[in-house]
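What follows is the residue order along each chain.
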Amino acid sequence: MICDNFDDIYEIVSQARKYTKDGKVADYIPALGEADPNNLAVAMFDGNGTCLSAGNVEETFTLQSVSKVLSLALALLDNGAEKVFTRVGMEPTGDPFNSIAKLESLKPSKPLNPMINAGALAVTNMIAGAGTEDKLGRLLEFIHDLTGNTSITYNEKVATSEFETADLNRALCYFMRQHGGIDGGVEELMDLYTKQCAIEMDCEDLSKIGYVLANEGVDPVSQREIIPLHIARIVKTFMVTCGMYNASGEFAIRVGIPAKSGVSGGILGAVPHKLGIGIYGPALDEKGNSIAGMKLLETLSSRFDLSMF
Ligand code: GLU
């Protein structure tokens, strides 16, 4: 283990926890507003069967935007990169995750990348399956493979709460359908997308997903390739360039770990060839990243020399 000293990690978490009071829990999805802003947890997995964790590790949380990494990997597996990138771009955007602005200003209209909502909706629309249940089932199965935890499912209350209030995401879908960027019914896509975002786990599960990505898509126990190398690379590259909203550049400099955050306060980290990291801290900064989670990652990165750069 890069760090096998629990006391060190415990201390890093308690130092970082101080920052939770400077953040705010997301409440534009009403059910997310119920989270306790003081929570902070980290798990680190190095593929050897032991997972080092500290803080409120018993807490589960919904993936929200962290799920975009997983739907992208599955859509790439289902369709191949060439097809996926006809509908979504590869460039970062300095805009907020839910912005509609560039969909209108760019010609032809195409979401800039799969980590913003418009791009993620276009990607989820490409997951193969007979209907919402089948597609969601395939995504969950993929996650069961990545984590080894077959009990992972979605949180119905959070999914419904988002489905009932997701007018902005609906607007993105209608706009894209008009321009040929998505197919089929918008309500069905919103149903699938909100359930995908509501997939729930703890930070230990998240660290295991991070490890498979860090390990070039290979499961450390069975040595089975769950994600082909070229897809794991694409996904990790997006995590570096666009994973932390419009703070991705600063995060790359300060932390240097491919990572993806979500408005629930989860952060997935994949330190190439070394470590998977799962973080939960629902108090967010103004850009939508876990405020204490970012501090925690910054300290871990400098203490254990985790930057890939
Ligand atoms: N389900 C959320 C939304 O689409 C995810 C946003 C996020 O975590 O950034 O608004």
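Above this text you will find the structure in question.
Novice: Please give an account of the site of the ligand that cites residues and values.
Specialist: For the ligand, the set of nearby residues contains 13 residues, the closest of which are Tyr 28, Gln 64, Ser 65, Tyr 193 and Tyr 245. At a separation of 2.5 Å, an oxygen atom of the ligand approaches a polar side-chain atom of Ser 65. A distance of 2.9 Å is found between an oxygen atom of the ligand and a side-chain nitrogen or oxygen belonging to Asn 169. Burial of the ligand by the protein amounts to 99% of the accessible area it has alone, namely 300 Å². When atom positions are compared with the pocket grids, the ligand is found to occupy the second largest cavity. Among the residues forming the shell around the ligand, the class breakdown is seven nonpolar, five polar and one charged.

Novice: Go over the nonpolar core, please, and point to the residues and values.
Specialist: Counting 46 residues, the largest nonpolar core has Ile 199 and Leu 213 as the members making the most contacts within it. Here this core gets seven residues from one element, more than from any other, and that element is helix H2 (residues 67-79). Ignoring anything within four residues of it in the chain, the contact list for Leu 213 reads Val 69, Ile 227, Ala 232, Val 235, Lys 236, Met 239, Leu 268 and Ala 270. Of all hydrophobic cores here, the second largest spans 26 residues; its members include Leu 52, Phe 251, Ile 257 and Val 271.

Novice: Please give an account of the environment of Val 235 that cites residues and values.
Specialist: Looking at the secondary structure, you find Val 235 in helix H11 (residues 229-242). Residue Val 235 is classed as buried on the basis of its relative accessible area of 1%. Measuring from C-alpha to C-alpha, the distance between Val 235 and Asp 22 comes to 31 Å, with 213 residues separating the pair along the chain. Contact partners of Val 235, with chain neighbours within four places excluded, come to Val 69, Leu 72, Ala 73 and Leu 213.

Novice: Describe the pattern of salt bridges, with residues and values.
Specialist: Think of it this way: side chains of opposite charge can pair up when their charged atoms draw near. The final tally for this structure, using the stated rule, is ten salt bridges. For Glu 34, the salt bridge goes to Lys 157, with nearest N and O atoms at 2.8 Å. Of the two residues, Glu 34 is situated in the loop between helix H1 (6-17) and strand S1 (41-45) and Lys 157 in helix H7 (residues 156-163); the sequence distance between them amounts to 123 residues. One salt bridge in this structure joins Glu 250 and Arg 254, with 2.7 Å as the shortest N-O distance. Placement of the pair is Glu 250 and Arg 254 together in helix H12 (residues 248-254), with a separation of four residues, close to one helical turn. For Arg 254, a relative accessible area of 47% puts it in the partly exposed group.

Novice: Which residues make up the packing of aromatic side chains, and what values go with them?
Specialist: By the definition in use, this model includes three aromatic pairs. An angle of 80° between the planes, with centres 5.6 Å apart, marks the rings of Phe 45 and Tyr 211 as edge-to-face. Here Tyr 211 lies in helix H10 (residues 203-214) and Phe 45 lies in strand S1, a separation of 166 residues in the sequence. Accessibility expressed as a relative area gives 5% for Phe 45, which makes it buried. By relative accessible area, which is 9% here, Tyr 211 ends up buried. Arranged with centres 6.0 Å apart and planes meeting at 35°, the rings of Phe 85 and Phe 238 form a pair that is tilted. One end of the pair, Phe 85, is in helix H3 (residues 81-87); the other, Phe 238, is in helix H11, with 153 residues separating them in the sequence. The buried category is assigned to Phe 85, whose relative accessible area is 12%.

Novice: Break down the packing of helix H8 (residues 167-178) against helix H9 (residues 186-197) for me, citing the residues and quoting the values.
Specialist: For the pair H8 and H9, interaxial distance at closest approach is 10 Å and the crossing angle is 130°. Classified by the angle between their axes, H8 and H9 sit oblique to one another. Here the hand of the crossing between H8 and H9 comes out right-handed. Residues Asn 169, Arg 170, Cys 173, Tyr 174 and Arg 177 of H8 form the contact with H9, whose own contacting residues are Val 186, Glu 187, Leu 189, Met 190 and Tyr 193. By residue class, the composition of the contact of H8 with H9 is six nonpolar, one polar and three charged.

Calculation rules
All residue numbers here refer to positions counted from 1 along the written sequence of the relevant chain. Two thresholds apply to this predicted model, a pLDDT of at least 70 for residue-level local features and 80 or more for giving and counting side-chain atom pairs, whereas whole-chain, interface and lining totals are computed over all residues. Calculated side-chain values reflect all of the structure's heavy atoms, with hydrogen atoms and water omitted. Nearness is judged by heavy atoms alone; a residue qualifies as near a molecule or strand once a single heavy atom is within 4 Å of it. A 3.5 Å cut-off defines polar contacts: any pair of N or O atoms within that distance qualifies, except that in protein one atom must be a possible hydrogen donor and the other a possible acceptor, and neighbouring residues in sequence count only when both atoms are side-chain atoms. For accessible areas, the Shrake-Rupley method is used with a probe of radius 1.4 Å. Any residue's cover is judged against the shown protein chains and nothing else. The method works on a 1 Å grid over the protein atoms by themselves. A cavity is a set of points holding a 1.4 Å probe that cannot get out, a pocket is an open set with protein on both sides within 12 Å along at least five of seven lines, and residues with an atom within 4 Å of a point line them. Throughout, a molecule is located in a cavity or pocket provided that more than half of its atoms lie within 2 Å of its grid points. Each residue gets one label: Ala, Val, Leu, Ile, Met, Phe, Trp, Tyr, Cys and Pro are nonpolar, Asp, Glu, Lys and Arg are charged, and the others, such as Gly, are polar. Side-chain atoms within 4.5 Å are what join buried Ala, Val, Leu, Ile, Met, Phe, Trp, Tyr and Cys residues into a set we call a nonpolar core. Only protein chains enter the area calculation, which uses a 1.4 Å probe; residues under 20% of their type maximum are buried, those over 50% are exposed, and those in between are partly exposed. By the criteria applied, helices consist of DSSP H or I runs no shorter than four residues and strands consist of E runs no shorter than two, each listed in order from the N terminus. By definition in these notes, contact holds between two residues if any of their heavy atoms fall within 4.5 Å. Note on definitions: salt bridges are taken to be side-chain nitrogens of Lys or Arg within 4 Å of carboxyl oxygens of Asp or Glu. Whether two aromatic rings pair depends on their centres lying within 6.5 Å, for rings of Phe, Tyr and Trp, where Trp uses its six-membered ring; planes under 30 degrees apart make the pair stacked, over 60 edge-to-face, and the rest tilted. Every angle, taken between N-to-C directions, lies between 0 and 180 degrees, and every axis is a line fitted to C-alpha atoms, over only the stretch in contact when it is a helix. Angular relationships are summarised with four words: roughly parallel below 35 degrees, roughly antiparallel beyond 145, roughly perpendicular across 65 to 115, and oblique for the angles in between. Working rule for handedness: look at the near helix, and if it is turned counterclockwise from the far one by less than a right angle, call the crossing left-handed; if clockwise, right-handed.

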